[in-house]
Every structure is written in structure tokens, then in C-alpha cells.
Amino acid sequence: MTTKAKIGIVTVSDRASVGIYEDVSGPAIIATLNDYLKSEWEPEYVVIPDEQDIIEKTLIELTDEKGCSLVVTTGGTGPAKRDVTPEATEAVCDRMMPGFGELMRAESLKFVPTAILSRQTAGLRKDSLIVNLPGKPKSIRECLDAVFPAIPYCIDLMDGPFLECDEAVIKPFRPKAK
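First things first, this report covers the structure right here in the doc. Counting restarts for each chain, with residues numbered from 1 along the sequence as it is written. Given that this is a predicted model, residues contribute local features only at a pLDDT of at least 70 and side-chain atom pairs are listed and counted only at 80 or more, while totals for whole chains, interfaces and linings are drawn from all residues. Derived side-chain values reflect all non-hydrogen atoms in the structure, with water molecules and hydrogen atoms excluded from consideration.

It is worth spelling out the packing of aromatic side chains at this point. The relation between two aromatic rings is expressed through the spacing of the ring centres and the mutual angle of the planes. What counts as a ring pair is set by centres within 6.5 Å for rings of Phe, Tyr and Trp (its six-membered ring), and what kind of pair is set by the plane angle: stacked under 30 degrees, edge-to-face over 60, tilted for all other angles. Under the definition given, this model contains one aromatic pair. Summarising the aromatic geometry, the rings of Y36 and F148 are spaced 4.8 Å apart at their centres and angled 45° between planes, so their arrangement reads as tilted. With Y36 in helix α2 (residues 25–36) and F148 in the loop between α6 (137–147) and α7 (151–157), the pair connects residues that are 112 residues apart, well separated along the chain. In terms of burial, Y36 and F148 fall into one category: buried. We count a stretch as a helix when DSSP gives it H or I for four or more residues in a row; a strand needs E for two or more, and each element gets its number in order from the N terminus. Each residue is assigned to one of three classes by its accessible area relative to the maximum for its type, calculated with a 1.4 Å probe on protein chains only: buried under 20%, partly exposed between the two thresholds, exposed over 50%.

See the structure below:
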């Protein structure tokens, strides 16, 4: 019996959280994951304001209480004063995974010179991986295309649910068994 994966999707946006505009970034993440994943999964989707304490509480709730093996955030990773998603992520993680942010910035630099302004990061909280993505749907897809091949194996290493991918869309890397 396989366990259905729970994946947290967190849009961090003051304006979307109060309905000034419709969130398009969270649904873009869900659509991308639906493209990638063949295995069953359940989204835990929330839209919250750019408040570090709220971001931290949300990440803790999704990992510790809702059992999400993966939490993907969007928004709040730039240099603006209200952009505090990386600080919230670092505050709740046991260990950081800097390679994710490095690869996402390198990938984004192929498209825009302002990618160096992004502060995306990733980290581990207990048995969960938290990944910060940029806020624009096009950038979300570009960044996920770059880092997602490593995510299923990372989840495997933390004894999480097996994420089976549609290899015609995205090919995860898993070392061959000896």
C-alpha cells in the first residue's frame, strides 16, 4: 500500500491574502505538480500575508500537524522589506539545503538578470522538505523544472512517500540499486 503524499502549497502575499487580487502562483504550483506526478497526492493550499510569524506558524502546521512531506512556498523571496519568506524558512528548519536556491538562481539567470536579487532557499524540518520559489508562474515552472528531479529522492531519504513522476514530463534522479 502506498501512502498518498501531502504537499503544502503556500502563497505568501499581502494583497492576495486579503483578496485585492486573485492568487495565480499557488494554482501554478498545483498545476505543475499535477503535470509532474503520477502518484496520488493531496495539496494543502493556503494564502497568507508577508508576516514572518504567520509564515513560520504555517510552515510548522503543514509539516508537523498536517504531515506534508514537501512544502513549496511562492513569494516573499526578493529584497523588499516585506519579503521575509527565507527568514521564516530558516527559522523553522533543522538543516538548510542551499543547493536548491543556488540552482534556482542559476536557472533564472538564463531568463532575467534580476535573478541575483532572489533569496530563494530550501531546508529540512524533521521529515519534510521546504522549498521557496519565486512569485511569478513562469519563474515557478522554470525553477521547479530545475530542482524537482532531486526532490523525490530527497523525500525517499527522509522515509517519506514515494513520488512517482511522469517521466515524459520530468525525470527524477534516483541512484540505481546495487
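Let us now look at the packing of helix α3 (residues 52–65) against helix α4 (residues 85–92). Angle between the axes and distance between the axes are the two parameters that describe a pair of packed helices. Look at α3 against α4: their axes get within 9 Å of each other, and the N-to-C directions meet at 45°. Comparing the axis directions of α3 and α4 gives the class oblique. Crossing of α3 against α4: the hand is right-handed. Taking contact as the criterion, the partners of Q52, I55, E56, L59 and I60 in α3 are, on α4, T85, E87, A88, T89, A91 and V92. Residues were grouped as follows: Ala, Val, Leu, Ile, Met, Phe, Trp, Tyr, Cys and Pro as nonpolar; Asp, Glu, Lys and Arg as charged; and all remaining residues, including Gly, as polar. Classifying every residue of the contact of α3 with α4 by side-chain character gives six nonpolar, three polar and two charged. Only the stretch in contact is used when fitting a helix axis, every axis being a line fitted to C-alpha atoms; angles between N-to-C directions are given from 0 to 180 degrees. Any angle between 65 and 115 degrees counts as roughly perpendicular, while under 35 counts as roughly parallel, over 145 as roughly antiparallel, and the rest as oblique. Handedness of each helix crossing follows the sense of rotation of the near helix against the far helix: counterclockwise by less than a right angle gives left-handed, clockwise gives right-handed. Residues count as neighbours in contact if any of their non-hydrogen atoms are within 4.5 Å of one another.

Without other data, these values stay purely geometric and don't point to any function.
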